[in-house]
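# Analysis of the macromolecular model
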Amino acid sequence: MQQQQQDAAVQLNSAPVRDQDYWTWAQNAQASFPNIELSTPDRQAFRAGQHHVSLGGVELFDMYTGPHTVTQSKVVTIAEHEALCKLSLQFSGTTVLTQDGRECLLQPGDLALYVAHRPYTLDYAQDQRSLIIQFPQELLHLVQNQISQVTAVPISDESGLGKVAVPLFKQLALNLHILQGPHALQLVRSALEMLVTVLFAAARNHDDLQEDNPLFQQAVAFIDDHLHDPQLGPQM
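How each quantity is defined
Residues numbered from 1 in each chain as written. Predicted model: local features only at pLDDT ≥ 70, side-chain atom pairs only at ≥ 80, totals over all residues. Heavy atoms only, no water. Pairing = 2+ DSSP bridges. Helix = DSSP H or I, 4+ residues; strand = E, 2+ residues; numbered from the N terminus. Axes fitted to C-alpha atoms, helices over the stretch in contact; angles between N-to-C directions. Contact = heavy atoms within 4.5 Å. Buried < 20%, exposed > 50% of the residue type's maximum accessible area, 1.4 Å probe, protein only. Core = buried A, V, L, I, M, F, W, Y, C linked by side-chain atoms within 4.5 Å. Parallel < 35°, antiparallel > 145°, perpendicular 65-115°, else oblique. Left-handed = near helix turned anticlockwise from the far one by under 90°. Nonpolar A, V, L, I, M, F, W, Y, C, P; charged D, E, K, R; others polar. Expected span 1.5 Å × (residues − 1). Salt bridge = Lys/Arg side-chain N within 4 Å of Asp/Glu carboxyl O.

Spatially, β1-β4-β9-β6-β7 is the arrangement adopted by the 5 strands of the open sheet, whose pairing is antiparallel. On the outer flanks of this sheet lie β1 (37–39) and β7 (102–106), each paired with one strand and no other. Strand after strand, the sheet turns through a mean of 15° between neighbouring axes, direction not considered. Bridge count for strand β6 (residues 95–99) against β7 is 5 bridges, and the pairing is antiparallel. By the bridge assignment, V96 is partnered in β7 with L105. Strands β1 and β4 (68–72) of the sheet are contacted by helix α2 (residues 22–32), whose axis makes an angle of about 155° with β1.

Taken together, 6 strands build an open sheet; the order of strands is β2-β3-β10-β5-β8-β11 and the sheet is antiparallel. A strand with exactly one partner marks an edge of an open sheet, and here the two such strands are β2 (48–55) and β11 (155–156).

The buried count for strand β3 (residues 58–65) comes to 7 of 8 residues, which makes it a mostly enclosed element. Across 8 bridges, β2 lies against β3 in antiparallel orientation. When the bridges of β3 are listed, A48 appears paired with T65. Linking β2 back to β3 in an antiparallel pair, the connection comprises 2 residues, with G56 at a positive phi of about 50°.

Judged by nonpolar contacts, the single largest core of 40 residues is most densely connected at F135 and F169. At the level of elements, β2, β3, β5 (84–92), β8 (110–115), β10 (128–136), α3 (144–150), α4 (162–174) and α5 (181–205) are the ones that each hand at least two residues to this core. Top contributing element to this core by residue count: α5, with 12 residues. In this view, F135 contacts G57, V58, A83, L84, C85, K86, L87, L113, L140 and L192; residues no more than four positions away in its chain are not counted. Counting 22 residues, the second-largest nonpolar core is a separate cluster that includes Y22, A29, F33 and F61.

This next bit is on the packing of α4 against α5. In helix packing, the relevant descriptors are the interaxial angle and the interaxial distance, both defined with respect to the helix axes. At a minimum axis separation of 10 Å, α4 and α5 run at an interaxial angle of 155°. With respect to α5, the element α4 is oriented roughly antiparallel. The crossing of α4 and α5 is left-handed. Counted together, G162, V164, A165, L168, F169 and L172 of α4 and L187, V188, A191, L192, M194, L195 and V198 of α5 form the full contact between these two elements. Of the residues that constitute the contact of α4 with α5, the class distribution is 12 nonpolar, 1 polar and no charged.

Attention now goes to α4. Owing to its 3.6 residues per turn, the α-helix aligns residues three or four sequence positions apart on the same side. The end-to-end C-alpha distance of α4 is 18 Å, a good match for the 18 Å that 13 residues give at a rise of 1.5 Å each. Those residues of α4 lying buried are G162, A165, V166, P167, F169, K170, L172, A173 and L174.

Turning next to the pairing of β4. A regular strand places its side chains on the two faces of the sheet in alternate fashion. By the criterion of burial, β4 is predominantly enclosed, with 4 of the 5 residues buried. Taken together, the 3 bridges between β1 and β4 define a ladder with antiparallel strand orientation. Paired with L38 across the bridge in β4 is V70. Alignment of β4 against strand β9 (residues 120–124), held across 5 bridges, turns out to be antiparallel. Note on β9: the bridge partner recorded for H68 is Y124.

So, on to the pattern of salt bridges. Enumeration over the complete set of coordinates arrives at 4 salt bridges. Between R129 and D62 there is a salt bridge, with the nearest N and O atoms lying 2.6 Å from each other. With a gap of 67 residues between them, R129 in strand β10 and D62 in strand β3 connect regions that are remote in the sequence. The same class applies to R129 as to D62, namely buried. In this structure, the salt-bridge partner of R118 is D100, at a minimum N-O distance of 2.9 Å. Taken together, the positions of R118 in the loop between β8 and β9 and D100 in the loop between β6 and β7 put the pair 18 residues apart, joining distant regions of the chain. With a relative accessible area of 16%, R118 lands in the buried category. Take D100: its relative accessible area is 30%, and that puts it in the partly exposed class.

Here's what the structure looks like:
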């Protein structure tokens, strides 16, 4: 019953007004997500809209769109562009996410991670609504080879740790209008840090995991990031 109430809340929450045509949407999307290309079966019929919140380098987009495909086809070196991660949470419709040799189908209640600097594809075959969270990769405290193990790995709200993680991100989407100030940013960052454990658990279930201790790997990545900090020590 509680799950049904949560799903109903997502459905009843004010969805973005689809007031942008294909050309306006493509221009705005490419401004927010550099290096992407968009295509749609019917440019004239396409409509989309979004709610957007920016929190200190973390961007949240509640998007309601018609059928289309998003493609990022090139590798962007870290020197050219800050390494960014994206988290996609499906509310309605479906998304097929492809990256790092994996493909996953996101249905309502599913989420998955991908990165902006390596090729990926998002295929929205029908009208859909989803939450995209874009954030600096450094917030996960993982290095590149660890990130590549957990991209395009689906997390469901019906199994495992997804039962805890997905409802939290749903609530973020439902309350975009009150996400402001340092406390809101800390809440989002805490949710993203929790995501690391959830992603590694899901990757283990999909036999994609090569390293078995995400907390240890986070510690190693943190040390690598702060090698030149004179205050680096156990107290940090």
